[in-house]
Amino acid sequence: MLVDLHVHTSVSSPCSQIEPRLLVRAAKEMGLDALCVTEHEELEGAEVARRLGEEAGFPVFRGVEVYTECGDMLVFGACRRRYPVTTPFAELLEEVRGLGGVIIPCHPCRGSLGFHHTLGEEKAEFLLSSVDAIEVRNGGSSPESNQAAEVYASHYGLPGVGGSDAHFIMQLGRCLTVFERDLGSEEELVEEIKAGRCRAAYAAEIEGLRTSSLWR
Ligand SMILES: [Zn+2]
Ligand SMILES: [Zn+2]
């Protein structure tokens, strides 16, 4: 199952120009099987896209991209409706653990020298031993940054996931997560990530993905 795990819409990410109705149509036309909407600090856009997905018979799962002092984190299965501008990582982790969700650092090596350099040894080790997966394919990051994230994933034995981080419709699906099973619910999304039954990919590596008529 091909899932773009990281998409922003214009509903609650002012930085995005993606209208949710077009998003669902484009994802279907491309041959994606599902997508996750992950607005900054807000659940609303994901709720809207999920409803539109239901009408169109296309699964949209809800997430949020939460800013912490350790960088941006994707959260699934344990989202608040709204987060403050910065949420302490330890607080977010405790909450996500308590609610049975997953927490995933996204674009962890974009424009940085990595966790240990940015956070210091102790905090970096705490972070990497606490999270459920790492985003190792991010559509808005350089191949070198994605490669650096992959080194972390393999060193710490963490599943690697991928998402486009699309803010414009043409960016949709640039990076993806390939799940071994079909996902019928957000609970299953969480379960499969926790079990590591997924891998990250660039769109170019996936046979059969089409371009949407929306950007012809
Ligand atoms: Zn981000
Ligand atoms: Zn993002």
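Each remark here, short or long, concerns the structure printed above.
Presented here is a report on the structure given in the accompanying data block. None of the values given here were measured: they were computed from a predicted structure.

Examining the overall build of the protein
Here is step 1: Each helix and strand counted, the protein has 7 helices and 9 strands in total.
Here is step 2: For the protein, whose C-alpha radius of gyration is 16 Å, the value lies close to the compact-globule estimate of 17 Å for 216 residues.
Here is step 3: If one aligns the C-alpha atoms of the protein with their principal axes, the spans along those axes are about 50 × 35 × 30 Å.
Here is step 4: By the burial criterion, 49% of the 216 residues in the protein qualify as buried.

Looking at the packing of helix α1 (residues 20–30) against helix α2 (residues 44–56)
Here is step 1: Relative to each other, α1 and α2 sit at 50 degrees, their axes nearing to 9 Å. In terms of orientation, α1 lies oblique with respect to α2. Handedness of the α1/α2 crossing: right-handed. Between α1 and α2, the contacting residues are P20, R21, L23, V24 and K28 on the first element and G45, V48, A49, L52, G53 and A56 on the second.

Description of helix α7 (residues 186–194)
In an α-helix there are 3.6 residues to a turn, and that puts residues three or four apart on one side.
Here is step 1: All buried positions along α7 are accounted for by E186, L189, V190, E192 and I193. Viewed along the axis of α7, the buried residues span an arc of 170 degrees, placing them on a single side of the element.
Here is step 2: Of the surrounding elements, those touching the buried residues of α7 are β3 (60–68), β4 (71–76), β5 (102–105), β7 (160–163), β8 (175–179) and β9 (198–202).
Here is step 3: Following α7 by one or two positions, G196 has its phi on the positive side, about 70 degrees.

Concerning the sheet that holds strand β2 (residues 34–40)
Here is step 1: Read from one edge to the other, the open sheet built from 7 strands follows the order β5-β4-β3-β2-β1-β8-β9, with strand pairing classed as mixed. Here the strands that pair on one side only, and so sit at the sheet edges, are β5 and β9. The mean inter-strand angle of the sheet, taken between neighbouring strand axes irrespective of direction, is 30 degrees.
Here is step 2: Across 6 bridges, the pairing between β2 and β3 is parallel.

Some details on the environment of C36
Here is step 1: Mapped onto the fold, C36 is located in strand β2.
Here is step 2: With 25 C-beta atoms counted inside 10 Å, the residue C36 sits in the buried group.
Here is step 3: When the C-alpha positions of C36 and F76 are compared, they lie 9.1 Å apart, and in sequence the two are 40 residues distant.
Here is step 4: In this view, C36 contacts V3, D4, L5, H6, V7, F61, G63 and F76; residues no more than four positions away in its chain are not counted.

Some points on the nonpolar core
Here is step 1: By size, the foremost hydrophobic cluster in this structure holds 63 residues, and its most contacted members are V3, L35, V75, I103 and I104.
Here is step 2: Sort the elements by how many residues they give to this core and α1 lands first, with 5 residues.
Here is step 3: In this structure, I103 is in contact with M73, V75, L92, L93, V96, V131 and D132, ignoring residues within four places of it in sequence.

Brief notes about unusual backbone geometry
Here is step 1: With phi around 60 degrees, E41 is a residue other than glycine that occupies positive phi space.
Here is step 2: Within the secondary structure layout, E41 lies in the loop between β2 and α2.
Here is step 3: Note on E41: 18 C-beta atoms within 10 Å, which makes it partly exposed.
Here is step 4: Positioned with a positive phi, D165 is a non-glycine residue whose angle comes to about 60 degrees.
Here is step 5: Within the fold, D165 resides in the loop between β7 and β8.

Focus on the pairing of β4
Here is step 1: With 5 of 6 residues buried, β4 is to be regarded as a mostly interior element.
Here is step 2: Relative to β4, β3 runs antiparallel, the two being bridged by 6 bridges. Bridge pairing links V66 to M73 in β4.
Here is step 3: Linking β3 back to β4 in an antiparallel pair, the connection comprises 2 residues.

So, the environment of V161
Here is step 1: Here V161 shows up in strand β7.
Here is step 2: Take V161: there are 33 C-beta atoms within 10 Å of it, and that puts it in the buried class.
Here is step 3: C-alpha of V161 to C-alpha of T177: the two residues are 16 residues apart in sequence and 5.3 Å apart in space.
Here is step 4: Not counting chain neighbours up to four residues away, the residues in contact with V161 comprise L5, I104, A133, E135, T177, I193, C198 and A200.

Criteria and cut-off values
Each chain carries its own residue numbering, running from 1 in the direction its sequence is written. Both sets of labels track the order of writing: A upward for chains, 1 upward for ligands. Since the coordinates come from a predicted model, pLDDT governs what is reported: local features require at least 70, and pairs of side-chain atoms require 80 or more to be given and counted, while whole-chain, interface and lining totals use all residues. Numbering goes from the N terminus for both helices and strands, where a helix is a DSSP run of H or I of at least four residues and a strand is a run of E of at least two. Throughout, radius of gyration means the C-alpha value; the globule benchmark is 2.2 Å times the number of residues raised to the power 0.38. Here exposure depends only on C-beta density: within 10 Å of a residue's C-beta, 20 or more other C-beta atoms make it buried, 12 or fewer make it exposed, and intermediate numbers make it partly exposed, the C-beta atoms being placed from the backbone. Lines are fitted to the C-alpha atoms to define the axes, a helix being fitted only along its stretch in contact, and any angle between axes, read from their N-to-C directions, falls within 0 to 180 degrees. Here roughly perpendicular refers to angles of 65 to 115 degrees, roughly parallel to angles under 35, roughly antiparallel to angles over 145, and oblique to all remaining angles. For any pair of crossing helices, the crossing counts as left-handed if the nearer helix is rotated counterclockwise from the farther one by less than a right angle, and right-handed if it is rotated clockwise. The contact rule is simple: place each C-beta atom from the backbone, and if two of them lie within 7 Å, those residues are in contact. Working note: the arc is built from the helix axis to C-beta atom directions. Between any two strands, at least two bridges found by DSSP are needed for them to pair. Note on definitions: a nonpolar core is a set of buried residues drawn from Ala, Val, Leu, Ile, Met, Phe, Trp, Tyr and Cys, linked by C-beta atoms within 7 Å.

Interpretation note: all reported values are geometric properties and have no functional meaning in isolation.
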